[in-house]
Amino acid sequence: MSRRWAARLALAAGVAAVAVLVVFAGLGSLVLMAVGWAGLVLTAAGGWWMLTHTGWIRVLAVLLVVAAPLGVLILYAAAGLLWVVLVSLGLWALAVSAGKAALAEDTPPGMPERSVGRAERPFLIMNPRSGGGKVEKFHLAERARALGAEVVVLDPARQQDVAELARRAVRGGADLLGVAGGDGTQALVAGIAAEHDLPFMVISAGTRNHFAMDLGLDRQDPSTCLEALTDGVELRIDLGYLHAGEPAGGSEGRVFINNASFGVYAEVVQSPAYRDDKARTILEMLPDLLTHHSGARLTVRAGSLTKDGPQAVLVSNNPYERGDSAGLGRRGRLDSGRLGVLCVGVGNAAEATELLLRGGQGRGLTEATAREVVIDADAPVIPVGIDGEALTLPTPVRCRLAPGALRVRVPRHRPGVPHVAPPMDWRRVRRLALTMGRVAAGREAA
(Lines give C-alpha, C1' and ligand atoms only; values in the text may rest on other atoms or scores of the structure.)
Protein backbone atom coordinates (compact mmCIF):
# COMPACT_ATOMS: atom_id res chain seq x y z
CA MET A 1 0.00 0.00 0.00
CA SER A 2 1.35 3.46 -0.93
CA ARG A 3 1.85 6.10 1.72
CA ARG A 4 -0.90 8.21 0.18
CA TRP A 5 -3.45 5.39 0.41
CA ALA A 6 -2.32 4.54 3.93
CA ALA A 7 -2.97 8.15 4.93
CA ARG A 8 -6.41 8.01 3.31
CA LEU A 9 -7.21 4.78 5.16
CA ALA A 10 -6.13 6.42 8.43
CA LEU A 11 -8.46 9.38 7.87
CA ALA A 12 -11.34 7.13 6.81
CA ALA A 13 -10.91 4.81 9.81
CA GLY A 14 -10.69 7.79 12.17
CA VAL A 15 -13.88 9.29 10.78
CA ALA A 16 -15.58 5.89 10.96
CA ALA A 17 -14.56 5.50 14.62
CA VAL A 18 -16.35 8.75 15.48
CA ALA A 19 -19.29 7.96 13.17
CA VAL A 20 -19.97 4.63 14.88
CA LEU A 21 -20.30 6.43 18.21
CA VAL A 22 -22.55 9.15 16.81
CA VAL A 23 -24.82 6.85 14.77
CA PHE A 24 -25.38 4.15 17.38
CA ALA A 25 -25.14 6.24 20.55
CA GLY A 26 -26.54 9.55 19.33
CA LEU A 27 -26.06 12.39 21.75
CA GLY A 28 -24.93 9.75 24.23
CA SER A 29 -21.69 9.51 22.27
CA LEU A 30 -20.50 12.68 23.94
CA VAL A 31 -21.23 11.14 27.31
CA LEU A 32 -19.42 7.94 26.26
CA MET A 33 -16.31 9.85 25.29
CA ALA A 34 -16.43 11.96 28.44
CA VAL A 35 -16.75 8.87 30.63
CA GLY A 36 -13.88 7.19 28.80
CA TRP A 37 -11.58 10.19 29.19
CA ALA A 38 -12.53 10.53 32.85
CA GLY A 39 -11.64 6.87 33.38
CA LEU A 40 -8.23 7.38 31.76
CA VAL A 41 -7.52 10.48 33.82
CA LEU A 42 -8.49 8.77 37.08
CA THR A 43 -6.40 5.71 36.22
CA ALA A 44 -3.34 7.84 35.44
CA ALA A 45 -3.78 9.93 38.57
CA GLY A 46 -4.20 6.79 40.67
CA GLY A 47 -0.99 5.38 39.21
CA TRP A 48 0.90 8.54 40.14
CA TRP A 49 -0.46 8.56 43.70
CA MET A 50 0.40 4.86 44.01
CA LEU A 51 4.04 5.61 43.12
CA THR A 52 4.40 8.72 45.27
CA HIS A 53 2.65 7.66 48.50
CA THR A 54 2.73 4.87 51.01
CA GLY A 55 0.26 3.47 53.54
CA TRP A 56 -3.47 3.94 53.16
CA ILE A 57 -3.12 6.50 50.35
CA ARG A 58 -1.30 3.89 48.24
CA VAL A 59 -4.04 1.35 49.01
CA LEU A 60 -6.73 3.80 47.88
CA ALA A 61 -4.70 4.62 44.77
CA VAL A 62 -4.46 0.93 43.84
CA LEU A 63 -8.23 0.60 44.26
CA LEU A 64 -8.72 3.63 42.01
CA VAL A 65 -6.45 2.18 39.30
CA VAL A 66 -8.55 -0.99 39.30
CA ALA A 67 -11.97 0.56 39.82
CA ALA A 68 -11.78 3.40 37.27
CA PRO A 69 -11.49 1.31 34.08
CA LEU A 70 -13.78 -1.39 35.50
CA GLY A 71 -16.42 1.21 36.32
CA VAL A 72 -16.23 2.63 32.78
CA LEU A 73 -16.81 -0.83 31.28
CA ILE A 74 -19.74 -1.46 33.62
CA LEU A 75 -21.36 1.84 32.62
CA TYR A 76 -20.91 1.05 28.92
CA ALA A 77 -22.39 -2.44 29.38
CA ALA A 78 -25.33 -1.13 31.41
CA ALA A 79 -26.16 1.29 28.60
CA GLY A 80 -25.99 -1.57 26.06
CA LEU A 81 -23.24 0.25 24.18
CA LEU A 82 -20.16 -1.78 25.06
CA TRP A 83 -20.00 -3.27 21.55
CA VAL A 84 -20.19 0.22 20.06
CA VAL A 85 -17.20 1.35 22.10
CA LEU A 86 -15.19 -1.75 21.20
CA VAL A 87 -15.88 -1.34 17.48
CA SER A 88 -14.97 2.36 17.68
CA LEU A 89 -11.72 1.56 19.51
CA GLY A 90 -10.88 -1.08 16.87
CA LEU A 91 -11.38 1.44 14.08
CA TRP A 92 -9.30 4.00 15.95
CA ALA A 93 -6.47 1.48 16.37
CA LEU A 94 -6.62 0.83 12.60
CA ALA A 95 -6.49 4.58 11.95
CA VAL A 96 -3.40 5.05 14.12
CA SER A 97 -1.66 2.02 12.60
CA ALA A 98 -2.35 3.19 9.03
CA GLY A 99 -1.34 6.75 9.93
CA LYS A 100 2.03 5.63 11.26
CA ALA A 101 2.56 3.52 8.15
CA ALA A 102 1.82 6.58 6.03
CA LEU A 103 4.30 8.72 7.96
CA ALA A 104 7.06 6.15 7.72
CA GLU A 105 9.66 7.33 5.28
CA ASP A 106 11.34 4.99 2.86
CA THR A 107 13.74 2.70 4.70
CA PRO A 108 16.62 4.98 5.74
CA PRO A 109 20.09 4.06 4.55
CA GLY A 110 22.09 1.94 6.96
CA MET A 111 25.43 2.88 8.40
CA PRO A 112 28.28 2.82 5.86
CA GLU A 113 30.19 -0.45 5.85
CA ARG A 114 33.34 -1.70 4.18
CA SER A 115 34.55 -5.18 3.38
CA VAL A 116 37.48 -6.43 5.41
CA GLY A 117 39.79 -9.41 5.37
CA ARG A 118 39.81 -12.20 7.88
CA ALA A 119 41.36 -11.47 11.28
CA GLU A 120 44.60 -13.37 11.82
CA ARG A 121 44.64 -13.39 15.62
CA PRO A 122 41.13 -12.72 17.00
CA PHE A 123 40.73 -12.76 20.78
CA LEU A 124 37.31 -13.36 22.34
CA ILE A 125 36.14 -13.13 25.96
CA MET A 126 33.05 -15.16 26.87
CA ASN A 127 30.94 -14.92 30.03
CA PRO A 128 29.25 -18.30 30.67
CA ARG A 129 26.67 -16.74 33.01
CA SER A 130 25.34 -14.17 30.55
CA GLY A 131 21.93 -14.69 29.00
CA GLY A 132 21.17 -17.73 31.13
CA GLY A 133 24.11 -19.72 29.79
CA LYS A 134 24.04 -18.96 26.06
CA VAL A 135 27.78 -19.54 25.70
CA GLU A 136 27.36 -23.21 26.58
CA LYS A 137 23.93 -23.62 24.97
CA PHE A 138 25.19 -22.50 21.55
CA HIS A 139 28.71 -24.00 21.93
CA LEU A 140 30.18 -20.58 21.23
CA ALA A 141 33.68 -21.25 22.58
CA GLU A 142 34.11 -24.44 20.55
CA ARG A 143 32.80 -22.84 17.37
CA ALA A 144 35.01 -19.77 17.77
CA ARG A 145 38.13 -21.88 18.37
CA ALA A 146 37.31 -23.91 15.26
CA LEU A 147 37.40 -20.63 13.31
CA GLY A 148 40.86 -19.79 14.63
CA ALA A 149 40.02 -17.49 17.55
CA GLU A 150 41.70 -17.50 20.93
CA VAL A 151 38.92 -17.76 23.52
CA VAL A 152 38.95 -17.03 27.25
CA VAL A 153 35.89 -18.29 29.11
CA LEU A 154 35.50 -16.37 32.37
CA ASP A 155 35.50 -18.34 35.61
CA PRO A 156 32.14 -17.84 37.39
CA ALA A 157 33.79 -18.62 40.73
CA ARG A 158 36.10 -15.60 40.74
CA GLN A 159 36.17 -11.96 39.68
CA GLN A 160 38.26 -11.27 36.58
CA ASP A 161 39.32 -7.97 35.05
CA VAL A 162 38.08 -8.23 31.46
CA ALA A 163 39.72 -4.93 30.51
CA GLU A 164 43.11 -6.25 31.65
CA LEU A 165 42.51 -9.50 29.75
CA ALA A 166 41.87 -7.44 26.62
CA ARG A 167 44.99 -5.29 27.16
CA ARG A 168 47.11 -8.40 27.64
CA ALA A 169 45.74 -9.85 24.40
CA VAL A 170 46.63 -6.63 22.54
CA ARG A 171 50.17 -6.79 23.89
CA GLY A 172 50.29 -10.38 22.67
CA GLY A 173 49.42 -9.37 19.11
CA ALA A 174 45.64 -9.75 18.92
CA ASP A 175 44.21 -7.97 15.86
CA LEU A 176 40.52 -8.21 16.88
CA LEU A 177 38.78 -8.11 20.27
CA GLY A 178 35.34 -9.52 20.91
CA VAL A 179 32.91 -10.30 23.72
CA ALA A 180 30.11 -12.79 24.27
CA GLY A 181 28.34 -11.29 27.26
CA GLY A 182 26.26 -8.42 28.56
CA ASP A 183 26.41 -4.81 27.45
CA GLY A 184 28.46 -3.78 30.50
CA THR A 185 31.24 -6.24 29.59
CA GLN A 186 30.93 -5.24 25.93
CA ALA A 187 31.56 -1.60 26.87
CA LEU A 188 34.71 -2.34 28.85
CA VAL A 189 36.36 -4.25 26.02
CA ALA A 190 35.06 -1.84 23.35
CA GLY A 191 36.97 0.92 25.12
CA ILE A 192 40.22 -1.04 24.84
CA ALA A 193 39.55 -1.78 21.15
CA ALA A 194 38.93 1.93 20.46
CA GLU A 195 42.05 2.92 22.37
CA HIS A 196 44.19 0.74 20.07
CA ASP A 197 42.08 1.25 16.92
CA LEU A 198 41.36 -2.47 16.67
CA PRO A 199 38.12 -3.96 15.32
CA PHE A 200 35.60 -5.03 17.94
CA MET A 201 33.20 -7.95 17.59
CA VAL A 202 29.86 -8.33 19.38
CA ILE A 203 28.42 -11.77 20.12
CA SER A 204 24.80 -11.46 21.30
CA ALA A 205 25.05 -13.77 24.32
CA GLY A 206 23.65 -11.31 26.87
CA THR A 207 20.12 -11.08 28.26
CA ARG A 208 18.75 -8.02 26.46
CA ASN A 209 21.48 -7.41 23.88
CA HIS A 210 20.51 -3.78 23.22
CA PHE A 211 23.83 -3.00 21.55
CA ALA A 212 23.61 -6.08 19.33
CA MET A 213 20.08 -5.08 18.30
CA ASP A 214 21.19 -1.62 17.24
CA LEU A 215 23.97 -3.20 15.17
CA GLY A 216 21.40 -5.34 13.38
CA LEU A 217 22.72 -8.65 14.75
CA ASP A 218 20.74 -11.83 15.34
CA ARG A 219 19.77 -11.86 19.02
CA GLN A 220 18.09 -15.26 18.93
CA ASP A 221 21.11 -17.24 17.74
CA PRO A 222 24.40 -15.69 18.91
CA SER A 223 26.42 -18.27 16.97
CA THR A 224 25.58 -16.39 13.75
CA CYS A 225 27.66 -13.47 15.04
CA LEU A 226 30.77 -15.63 14.64
CA GLU A 227 30.37 -15.36 10.86
CA ALA A 228 32.05 -11.96 11.22
CA LEU A 229 35.33 -13.83 11.72
CA THR A 230 35.24 -15.25 8.19
CA ASP A 231 32.83 -13.09 6.18
CA GLY A 232 32.56 -9.74 7.88
CA VAL A 233 32.16 -6.06 7.16
CA GLU A 234 33.26 -3.15 9.29
CA LEU A 235 31.23 -0.24 10.65
CA ARG A 236 32.59 2.96 12.20
CA ILE A 237 30.39 3.97 15.15
CA ASP A 238 30.42 6.52 17.94
CA LEU A 239 31.37 5.85 21.55
CA GLY A 240 30.13 7.60 24.66
CA TYR A 241 32.58 8.62 27.39
CA LEU A 242 31.72 9.57 30.94
CA HIS A 243 34.03 11.73 33.06
CA ALA A 244 33.48 12.21 36.77
CA GLY A 245 34.52 15.34 38.62
CA GLU A 246 36.99 16.53 35.97
CA PRO A 247 37.00 18.40 32.65
CA ALA A 248 36.17 16.33 29.57
CA GLY A 249 39.63 17.10 28.23
CA GLY A 250 41.23 14.98 30.97
CA SER A 251 41.46 11.21 30.96
CA GLU A 252 39.54 9.07 28.49
CA GLY A 253 36.89 8.29 31.11
CA ARG A 254 34.45 5.39 31.32
CA VAL A 255 33.00 4.11 28.03
CA PHE A 256 29.29 3.56 27.48
CA ILE A 257 27.94 1.91 24.34
CA ASN A 258 24.23 2.32 25.16
CA ASN A 259 23.47 4.89 27.84
CA ALA A 260 24.17 6.39 31.23
CA SER A 261 21.23 6.91 33.59
CA PHE A 262 20.90 9.30 36.52
CA GLY A 263 18.23 9.92 39.12
CA VAL A 264 15.45 7.57 40.17
CA TYR A 265 16.55 4.40 38.38
CA ALA A 266 20.20 4.83 39.32
CA GLU A 267 19.24 5.46 42.97
CA VAL A 268 17.05 2.34 43.16
CA VAL A 269 19.55 -0.10 41.67
CA GLN A 270 22.20 1.11 44.14
CA SER A 271 20.16 -0.22 47.07
CA PRO A 272 21.58 -3.45 48.59
CA ALA A 273 17.99 -4.75 48.86
CA TYR A 274 17.30 -4.31 45.12
CA ARG A 275 18.80 -7.61 43.97
CA ASP A 276 16.95 -9.64 46.63
CA ASP A 277 13.50 -8.06 46.16
CA LYS A 278 13.30 -5.68 43.20
CA ALA A 279 9.57 -4.94 43.29
CA ARG A 280 9.42 -4.23 47.02
CA THR A 281 12.56 -2.07 46.92
CA ILE A 282 11.18 0.02 44.06
CA LEU A 283 7.82 0.55 45.79
CA GLU A 284 9.53 1.54 49.04
CA MET A 285 12.01 3.99 47.50
CA LEU A 286 9.97 5.64 44.73
CA PRO A 287 7.76 7.92 46.87
CA ASP A 288 10.69 9.81 48.41
CA LEU A 289 12.69 9.83 45.16
CA LEU A 290 9.85 11.13 42.98
CA THR A 291 8.93 13.87 45.44
CA HIS A 292 12.59 14.90 46.04
CA HIS A 293 12.42 13.96 49.74
CA SER A 294 15.50 11.81 49.21
CA GLY A 295 18.19 11.46 46.59
CA ALA A 296 20.23 14.19 44.96
CA ARG A 297 18.60 17.07 43.09
CA LEU A 298 19.98 17.05 39.56
CA THR A 299 20.76 19.83 37.12
CA VAL A 300 21.30 19.01 33.44
CA ARG A 301 23.12 21.14 30.87
CA ALA A 302 23.03 19.95 27.27
CA GLY A 303 23.92 22.60 24.70
CA SER A 304 21.41 25.44 25.10
CA LEU A 305 19.17 23.30 27.34
CA THR A 306 19.32 23.65 31.12
CA LYS A 307 16.96 21.49 33.15
CA ASP A 308 16.71 21.81 36.93
CA GLY A 309 15.35 19.08 39.18
CA PRO A 310 14.44 16.23 36.78
CA GLN A 311 13.68 12.96 38.52
CA ALA A 312 15.39 10.86 35.88
CA VAL A 313 17.91 11.55 33.11
CA LEU A 314 19.05 9.25 30.32
CA VAL A 315 22.07 10.15 28.19
CA SER A 316 22.48 7.82 25.24
CA ASN A 317 25.17 7.10 22.67
CA ASN A 318 23.09 8.51 19.76
CA PRO A 319 19.40 9.36 20.24
CA TYR A 320 16.72 6.72 20.69
CA GLU A 321 13.94 6.69 18.14
CA ARG A 322 10.44 7.74 19.16
CA GLY A 323 7.36 5.77 18.17
CA ASP A 324 8.57 2.38 19.41
CA SER A 325 5.61 0.72 21.14
CA ALA A 326 8.03 -0.91 23.56
CA GLY A 327 9.28 2.50 24.69
CA LEU A 328 12.95 3.39 24.50
CA GLY A 329 14.08 0.48 22.42
CA ARG A 330 16.14 1.26 19.35
CA ARG A 331 18.64 3.63 17.85
CA GLY A 332 18.41 3.80 14.08
CA ARG A 333 22.03 4.90 13.75
CA LEU A 334 25.13 4.81 15.89
CA ASP A 335 27.14 7.29 13.82
CA SER A 336 25.22 10.58 14.07
CA GLY A 337 27.86 12.23 16.26
CA ARG A 338 25.25 13.33 18.83
CA LEU A 339 24.28 12.24 22.32
CA GLY A 340 20.60 11.74 23.01
CA VAL A 341 19.19 13.33 26.17
CA LEU A 342 15.90 12.47 27.88
CA CYS A 343 14.83 14.26 31.07
CA VAL A 344 11.74 13.16 33.01
CA GLY A 345 10.35 15.60 35.54
CA VAL A 346 6.80 14.99 36.77
CA GLY A 347 5.68 17.10 39.69
CA ASN A 348 2.06 16.11 40.22
CA ALA A 349 -0.78 13.86 39.08
CA ALA A 350 -1.83 16.30 36.34
CA GLU A 351 1.58 16.18 34.66
CA ALA A 352 1.71 12.37 35.00
CA THR A 353 -1.73 12.15 33.39
CA GLU A 354 -0.69 14.44 30.54
CA LEU A 355 2.41 12.35 29.90
CA LEU A 356 0.33 9.17 29.71
CA LEU A 357 -2.54 10.51 27.65
CA ARG A 358 -0.26 12.19 25.11
CA GLY A 359 1.73 9.04 24.48
CA GLY A 360 4.95 10.08 26.21
CA GLN A 361 4.74 13.73 25.18
CA GLY A 362 4.12 16.64 27.51
CA ARG A 363 5.69 18.97 30.02
CA GLY A 364 7.10 16.04 31.98
CA LEU A 365 9.42 14.86 29.20
CA THR A 366 12.21 16.90 27.64
CA GLU A 367 14.27 15.65 24.68
CA ALA A 368 17.47 17.07 23.24
CA THR A 369 20.67 16.17 21.43
CA ALA A 370 24.12 17.49 22.23
CA ARG A 371 27.80 16.76 21.86
CA GLU A 372 28.38 17.13 25.60
CA VAL A 373 26.05 16.79 28.58
CA VAL A 374 26.89 17.86 32.14
CA ILE A 375 25.00 16.38 35.10
CA ASP A 376 25.49 18.28 38.35
CA ALA A 377 23.80 17.83 41.71
CA ASP A 378 23.45 19.21 45.21
CA ALA A 379 25.52 16.27 46.43
CA PRO A 380 29.24 15.49 46.13
CA VAL A 381 28.57 12.02 44.69
CA ILE A 382 25.62 10.54 42.79
CA PRO A 383 24.63 7.04 41.65
CA VAL A 384 24.98 6.35 37.93
CA GLY A 385 23.87 3.39 35.83
CA ILE A 386 26.28 2.78 32.93
CA ASP A 387 25.10 0.14 30.46
CA GLY A 388 23.31 -1.60 33.33
CA GLU A 389 26.24 -1.38 35.77
CA ALA A 390 25.63 0.50 39.03
CA LEU A 391 28.34 2.99 40.09
CA THR A 392 28.72 5.97 42.42
CA LEU A 393 30.64 8.93 40.98
CA PRO A 394 31.70 12.41 42.11
CA THR A 395 29.92 15.40 40.59
CA PRO A 396 29.81 17.00 38.14
CA VAL A 397 29.54 14.12 35.68
CA ARG A 398 30.29 14.94 32.04
CA CYS A 399 29.16 12.83 29.12
CA ARG A 400 30.72 13.33 25.70
CA LEU A 401 30.70 11.54 22.37
CA ALA A 402 33.70 10.39 20.34
CA PRO A 403 32.46 10.21 16.72
CA GLY A 404 33.59 7.16 14.77
CA ALA A 405 35.83 6.01 17.61
CA LEU A 406 34.98 2.30 17.39
CA ARG A 407 35.49 -0.12 14.51
CA VAL A 408 32.84 -2.84 14.77
CA ARG A 409 33.04 -6.03 12.74
CA VAL A 410 29.69 -7.66 11.97
CA PRO A 411 28.56 -10.49 9.65
CA ARG A 412 27.98 -9.43 6.07
CA HIS A 413 24.53 -11.06 6.18
CA ARG A 414 22.53 -10.16 9.28
CA PRO A 415 18.89 -9.33 10.17
CA GLY A 416 19.45 -5.57 10.26
CA VAL A 417 18.03 -2.86 12.51
CA PRO A 418 14.20 -2.98 12.81
CA HIS A 419 12.61 0.23 11.56
CA VAL A 420 10.53 2.11 14.13
CA ALA A 421 7.36 3.89 13.02
CA PRO A 422 7.36 7.65 13.77
CA PRO A 423 5.03 9.21 16.37
CA MET A 424 1.49 9.84 15.15
CA ASP A 425 0.86 13.29 13.67
CA TRP A 426 -2.68 13.78 12.34
CA ARG A 427 -1.85 17.07 10.62
CA ARG A 428 0.86 15.40 8.56
CA VAL A 429 -1.42 12.46 7.78
CA ARG A 430 -4.16 14.80 6.53
CA ARG A 431 -1.70 16.81 4.46
CA LEU A 432 -0.22 13.63 3.02
CA ALA A 433 -3.63 12.21 2.06
CA LEU A 434 -4.84 15.39 0.38
CA THR A 435 -1.76 17.13 -0.99
CA MET A 436 -0.17 14.05 -2.50
CA GLY A 437 -3.47 13.14 -4.09
CA ARG A 438 -3.64 16.48 -5.85
CA VAL A 439 -0.02 16.27 -6.94
CA ALA A 440 -0.55 12.75 -8.31
CA ALA A 441 -3.70 13.87 -10.15
CA GLY A 442 -1.84 16.83 -11.67
CA ARG A 443 0.90 14.56 -12.93
CA GLU A 444 -1.59 12.18 -14.48
CA ALA A 445 -3.37 15.09 -16.26
CA ALA A 446 -0.07 16.34 -17.59
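Attention in this report is confined to the structure presented alongside it. (Residues numbered from 1 in each chain as written. Predicted model: local features only at pLDDT ≥ 70, side-chain atom pairs only at ≥ 80, totals over all residues. Heavy atoms only, no water.)

### A word on the environment of L298
- Among the structural elements, L298 can be located in strand β9 (residues 298–302).
- Each C-alpha atom, one on L298 and one on P310, is 6.3 Å from the other, the two residues being 12 residues apart in sequence.
- L298 has contacts with F262, G263, K307, D308, G309, P310, V313, I375, D376, A377 and I382, leaving out every residue within four places of it along the chain. (Helix = DSSP H or I, 4+ residues; strand = E, 2+ residues; numbered from the N terminus. Contact = heavy atoms within 4.5 Å.)

### Side note on the packing of aromatic side chains
- Going through the model one piece at a time under the given rule, you end up with two aromatic pairs.
- Each ring, one from F24 and one from W83, has its centre 5.0 Å from the other, and the planes form 70°; the classification is edge-to-face. Of this pair, F24 sits in helix α1 (residues 3–25) while W83 sits in helix α4 (residues 82–103), and the two are 59 residues apart along the sequence.
- On the accessibility criterion, W83 (46% relative accessible area) is partly exposed.
- Measuring from centroid to centroid gives 5.4 Å for W92 and W426, while their planes differ by 40°, and the two rings are tilted. (Phe/Tyr/Trp six-rings, centres within 6.5 Å; stacked < 30°, edge-to-face > 60°. Buried < 20%, exposed > 50% of the residue type's maximum accessible area, 1.4 Å probe, protein only.)

### Description of the nonpolar core
- Among the nonpolar cores identified, the biggest contains 58 residues, and L124, M126, L177 and L406 are the most heavily contacted of them.
- Each residue touching M126, except ones within four places of it in the same chain, is listed here: V135, L140, A141, A144, V151, V152, V153, L154, A180 and I203.
- Counting 24 residues, the second-largest nonpolar core is a separate cluster that includes V341, A370, I386 and L401. (Core = buried A, V, L, I, M, F, W, Y, C linked by side-chain atoms within 4.5 Å.)

### Focus: the packing of α1 against α4
- Between α1 and α4, whose axes approach to 7 Å, the crossing angle comes to 165°. Judged by the inter-axis angle, α1 sits roughly antiparallel to α4. For the crossing formed where α1 meets α4, the hand is left-handed.
- Its residues assigned to classes, the contact of α1 with α4 shows 21 nonpolar, three polar and one charged. (Axes fitted to C-alpha atoms, helices over the stretch in contact; angles between N-to-C directions. Parallel < 35°, antiparallel > 145°, perpendicular 65-115°, else oblique. Left-handed = near helix turned anticlockwise from the far one by under 90°. Nonpolar A, V, L, I, M, F, W, Y, C, P; charged D, E, K, R; others polar.)

### Overview of the pattern of salt bridges
- Under the criterion given, the structure shown has 11 salt bridges.
- In this structure, the salt-bridge partner of E164 is R171, at a minimum N-O distance of 3.1 Å.
- Of the charged contacts in the structure, one is a salt bridge between D335 and R333, with a shortest N-O distance of 2.8 Å.
- According to the relative accessible area criterion, R333 is partly exposed, its value standing at 31%.
- A single network of salt bridges, built from pairs that share partners, joins R114, E234, R407 and R409. (Salt bridge = Lys/Arg side-chain N within 4 Å of Asp/Glu carboxyl O.)

### Comments concerning helix α7 (residues 162–171)
- Taken together, the buried positions of α7 are V162, A163, L165, A166, A169 and V170. Down the axis of α7, the buried set is contained in an arc of 160°. They therefore lie on one face.
- One side-chain oxygen of the residue at the start of α7 lies 3.1 Å from the amide nitrogen of A163, identifying that residue as D161.
- Phi turns positive, to about 105°, at G173, one or two residues after α7. (Arc of directions from axis to C-beta. Polar contact = N/O pair within 3.5 Å; in protein donor to acceptor, adjacent residues only side chain to side chain.)

### Structural notes on the pairing of strand β16 (residues 389–394)
- Sheet topology places strand β15 (residues 381–386) next to β16; six bridges connect them, and they run antiparallel. Each residue of the ladder has a partner; that of G385, found in β16, is A390.
- Here β15 folds back onto β16, and the loop between the two strands holds two residues, one of which, D387, carries a positive phi near 50°. (Pairing = 2+ DSSP bridges.)

### Quick word on helix α8 (residues 183–195)
- With 13 residues, α8 should reach 18 Å at 1.5 Å per residue; the first-to-last C-alpha distance of 18 Å fits that figure.
- Residues of α8 that are buried: D183, G184, T185, Q186, A187, V189, A190, G191, I192, A193 and A194.
- Just beyond α8, the residue with positive phi is D197, at close to 55°. (Expected span 1.5 Å × (residues − 1).)

### Focus: a nonpolar patch on the surface
- Together, W49, W56, I57, V59, L60 and L63 line one region of the surface with nonpolar side chains, adding up to about 620 Å² of accessible area.
- Note on placement: L60 falls in helix α3 (residues 55–78).
- A residue is classified by how much of its surface remains accessible, and L60, at 46% relative accessible area, is partly exposed. (Patch = residues over 30% accessible without salt bridge, like charges linked within 9 Å, V, L, I, M, F, W, Y side chains within 5 Å. Areas by Shrake-Rupley, 256 points an atom, 1.4 Å probe, with all protein chains shown as cover.)

### Brief notes about the environment of V300
- Within the element layout of this structure, V300 appears in strand β9.
- V300 sits in the buried class, given a relative accessible area of 0%.
- The spacing of V300 and V341 is 41 residues in sequence and 9.5 Å in space, taken between C-alpha atoms.
- Ignoring any residue separated from it by four or fewer positions in sequence, one finds V300 in contact with L305, T306, K307, P310, V313, V341, C343, V373, V374 and I375.

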